[in-house]
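Chain by chain, the residues run as shown.
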Amino acid sequence: MPSLPVIDLTGSPFEMGLEQGRRLAPAIAHNLSIYYDRFQREAQLSVADVRSRGRAYLAVIAEVAPAYAETVHGVSEGAAIVLDDVAALNARYEILYSQYSMINQALAAAIEPDGCTAFAVLPEASSDGHLWLGQNWDWFPAVRGAILRTRRSDGLTTAAFTEAGIVGGKIGMNSHGLGLVINGLLSDRDDWSRLRTPFHVRTWMILQQSTLDDAIEVVTGEPRACSANFLIGKANGAAEVVNIEAAPDTICRLLPERGLLAHANHFVDPGALGVSQPLAEEKSSTFQREARMSRMLEGGRAAHTLSRDHLMAMLQDHTGHPDSVCRHPNPHLREEERVETVVSVLQDLTARRLYVAAGTPCTTPFVEIPLA
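The notes below deal with the structure included here. (Residues numbered from 1 in each chain as written. Predicted model: local features only at pLDDT ≥ 70, side-chain atom pairs only at ≥ 80, totals over all residues. Heavy atoms only, no water.)

1. Let's talk about the nonpolar core
Considering soluble globular proteins, one finds that nonpolar side chains tend to be buried as a cluster. Among the nonpolar cores identified, the biggest contains 93 residues, and I28, W139, I206, F230 and I232 are the most heavily contacted of them. When residues in this core are grouped by element, the largest group, 10 residues, is from helix 1 (residues 13–41). Setting aside residues no more than four positions away along its own chain, I206 makes contact with L178, L180, A215, V218, V219, F230 and I232. Within the second largest apolar cluster, 19 residues are counted, among which are A125, L297, A357 and F366. (Core = buried A, V, L, I, M, F, W, Y, C linked by side-chain atoms within 4.5 Å. Buried < 20%, exposed > 50% of the residue type's maximum accessible area, 1.4 Å probe, protein only. Helix = DSSP H or I, 4+ residues; strand = E, 2+ residues; numbered from the N terminus. Contact = heavy atoms within 4.5 Å.)

Structure representation (structure tokens):
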């Protein structure tokens, strides 16, 4: 990722969208070109198909999250980009993943979901007594992103990473000490035509909440179109963490063990949810990445070294390179199938501190992004 601008947003939802659109117009157009190529080549969808699905999802968004829909309209106007295209970007998770699931099942392929290696460390396990969340987000390296810092009229502030054109943050935290990291998942039940609240709208909604229960309700309160994993922490008052593996019609809650939790891009027990995950296991790094992160966390807990610098070092780990926690392009795959760590995020929810490396963290330094 060549740059990761920090954009401060206030005002009405439309005004926030207008500012995003103006500031990120070239990056949004770039992302559209990247995704339309993938929609057509990988997902086997025409431009007309994608725009039709984008329109259908914008109608859903307008009903369940009017403020988000107004922001989409603002981005479209600010960037001078067709509304259907911006809507498609904001529903790209559902549009791509239901196709990935179908294609993987039909061809036994290994198109992997994004989101990659995430973890939580509770105060009883950290050396500084803080609650930490972290994640390497592995995806197509050409995708452009930004950090959005928003301030609502009631004073709630958020700071979160997003892809340019996707109007809500998906990896970040808010001033209530609530944070979110995510993993893409695939299941045989994924289907865009369910037309439920899109994944990226849910991540935005989670970061608008002040309590862990309300954040959980965003995930569990209605069925979903596609599968995803949500790892949510809350440090205001008693520190709490919950991981929700969410298939379209069922969920599984995972809690930390000995104050630690790691998750990657597979269901821990798909049979318990009654789903199958169409991954070609021998071609997937998800199992080794989760296992490696779990071992590093447990070793750090035992040595009492789980603090900021040690956690950053874990996100730089190259065991199993190139399909390691710090992910690098696999030369054995076709160029268009290669993914790498696009952004690395570490959240100190206790101190309300956000650290971001705009690229592979082994080569890109972490920078603190103030919440306010």
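2. Brief notes about the packing of aromatic side chains
Summed over the entire model, instances satisfying the criterion amount to 9 aromatic pairs. Each ring, one from Y93 and one from F199, has its centre 4.2 Å from the other, and the planes form 20 degrees; the classification is stacked. On the criterion of sequence distance, the pair formed by Y93 in helix 5 (residues 92–107) and F199 in helix 6 (residues 199–206) is long-range, its members being 106 residues apart. Clustering of aromatic rings is evident, with ring pairs tying together Y93, Y97, F199 and F230. Directly above the aromatic system of F140 lies the positively charged group of R38, at a separation of 3.4 Å from the ring centroid. (Phe/Tyr/Trp six-rings, centres within 6.5 Å; stacked < 30°, edge-to-face > 60°. Lys NZ or Arg CZ within 6 Å of the ring centre and 35° of its normal.)

3. As for the sheet that holds strand 10 (residues 251–254)
One open sheet holds the 8 strands; their spatial order is 1-4-5-6-7-8-9-10, and the pairing between them is mixed. Two strands lie at the open edges of the sheet, namely strand 1 (6–9) and strand 10, each paired on one side alone. The average undirected angle you get between the axes of adjacent strands in this sheet is 20 degrees. Where strand 4 (residues 145–151) meets strand 5 (residues 157–163), 7 bridges bridge the pair, whose relative direction is antiparallel. Counted as the bridge partner of R151 is T157 from strand 5. Across the sheet, helix 1 touches strand 1, strand 4 and strand 5, and the angle it forms with strand 1 is around 140 degrees. (Pairing = 2+ DSSP bridges. Axes fitted to C-alpha atoms, helices over the stretch in contact; angles between N-to-C directions.)

4. Some details on the sheet that holds strand 13 (residues 353–357)
Read across the sheet, 6 strands follow the order 11-2-3-12-13-14 without closing on themselves; strand pairing throughout is antiparallel. The open sheet is flanked by strand 11 (260–263) and strand 14 (367–369), the only strands paired with a single partner. Strand-to-strand twist across the sheet, computed as the mean angle between neighbouring axes with direction ignored, equals 15 degrees. Taken together, the 5 bridges between strand 12 (residues 340–348) and strand 13 define a ladder with antiparallel strand orientation. Across the sheet, V345 pairs through a bridge with V356, a residue of strand 13. Against the sheet, helix 9 (residues 286–303) contacts strand 2 (118–121) and strand 11, and its axis sits at roughly 160 degrees relative to strand 11.

5. As for the pattern of salt bridges
Throughout the structure, instances matching the rule amount to 18 salt bridges. As a salt-bridge pair, E222 and R196 come within 3.9 Å of each other at their nearest N and O atoms. Here R196 lies in the loop between strand 7 (178–184) and helix 6 and E222 lies in the loop between helix 7 (212–220) and strand 8 (228–234), a separation of 26 residues in the sequence. By relative accessible area, which is 23% here, E222 ends up partly exposed. Look at R196 and you get partly exposed, because its relative accessible area is 33%. (Salt bridge = Lys/Arg side-chain N within 4 Å of Asp/Glu carboxyl O.)

6. Description of a negative patch on the surface
A surface patch of like charges, here negative, comprises D213, D214, E217 and E240. No other element matches helix 7, which puts 3 residues into the negative patch. On the secondary structure map, E217 appears in helix 7. (Patch = residues over 30% accessible without salt bridge, like charges linked within 9 Å, V, L, I, M, F, W, Y side chains within 5 Å. Areas by Shrake-Rupley, 256 points an atom, 1.4 Å probe, with all protein chains shown as cover. Lys, Arg positive; Asp, Glu negative; His and termini not counted. Charge placed at Lys NZ, Arg CZ, Asp CG, Glu CD.)

7. Things to note about the environment of V72
By the secondary structure assignment, V72 is in helix 3 (residues 66–79). For V72, a relative accessible area of 0% translates into the label buried. For the pair V72 and A264, spaced 192 residues apart in sequence, the C-alpha to C-alpha distance is 30 Å. The contact partners of V72, leaving out residues within four places of it in the chain, are L58, L83, V86, A87, N90 and V167.

8. Here's the deal with the environment of N229
Mapped onto the elements of the fold, N229 is located in strand 8. You can call N229 buried: its relative accessible area is 0%. Along the primary structure N229 and H266 are separated by 37 residues, whereas in three dimensions their C-alpha atoms are 8.8 Å apart. Sequence-distant contacts of N229, defined by excluding residues within four places in its chain, comprise V181, I182, N183, L185, N243, I244, E245 and H263. Of note is the side chain of N229, whose polar atom sits 3.4 Å from the side chain of H263. (Polar contact = N/O pair within 3.5 Å; in protein donor to acceptor, adjacent residues only side chain to side chain.)

9. Considering helix 4 (residues 83–90)
Of all 8 residues that make up helix 4, 7 are buried, and the element is covered over most of its length. Residues of helix 4 that are buried: D84, D85, V86, A87, A88, L89 and N90.

10. Examining the packing of helix 1 against helix 4
Packing of helix 1 against helix 4 brings their axes to within 11 Å, and their N-to-C directions diverge by 70 degrees. Classified by the angle their axes make, helix 1 and helix 4 are roughly perpendicular. The interaxial crossing formed by helix 1 with helix 4 has left-handed handedness. Where helix 1 abuts helix 4, its residues I28, L32, Y35 and Y36 lie against D85, A88 and L89. The residue makeup of the contact of helix 1 with helix 4, split by class, is 6 nonpolar, no polar and 1 charged. (Parallel < 35°, antiparallel > 145°, perpendicular 65-115°, else oblique. Left-handed = near helix turned anticlockwise from the far one by under 90°. Nonpolar A, V, L, I, M, F, W, Y, C, P; charged D, E, K, R; others polar.)

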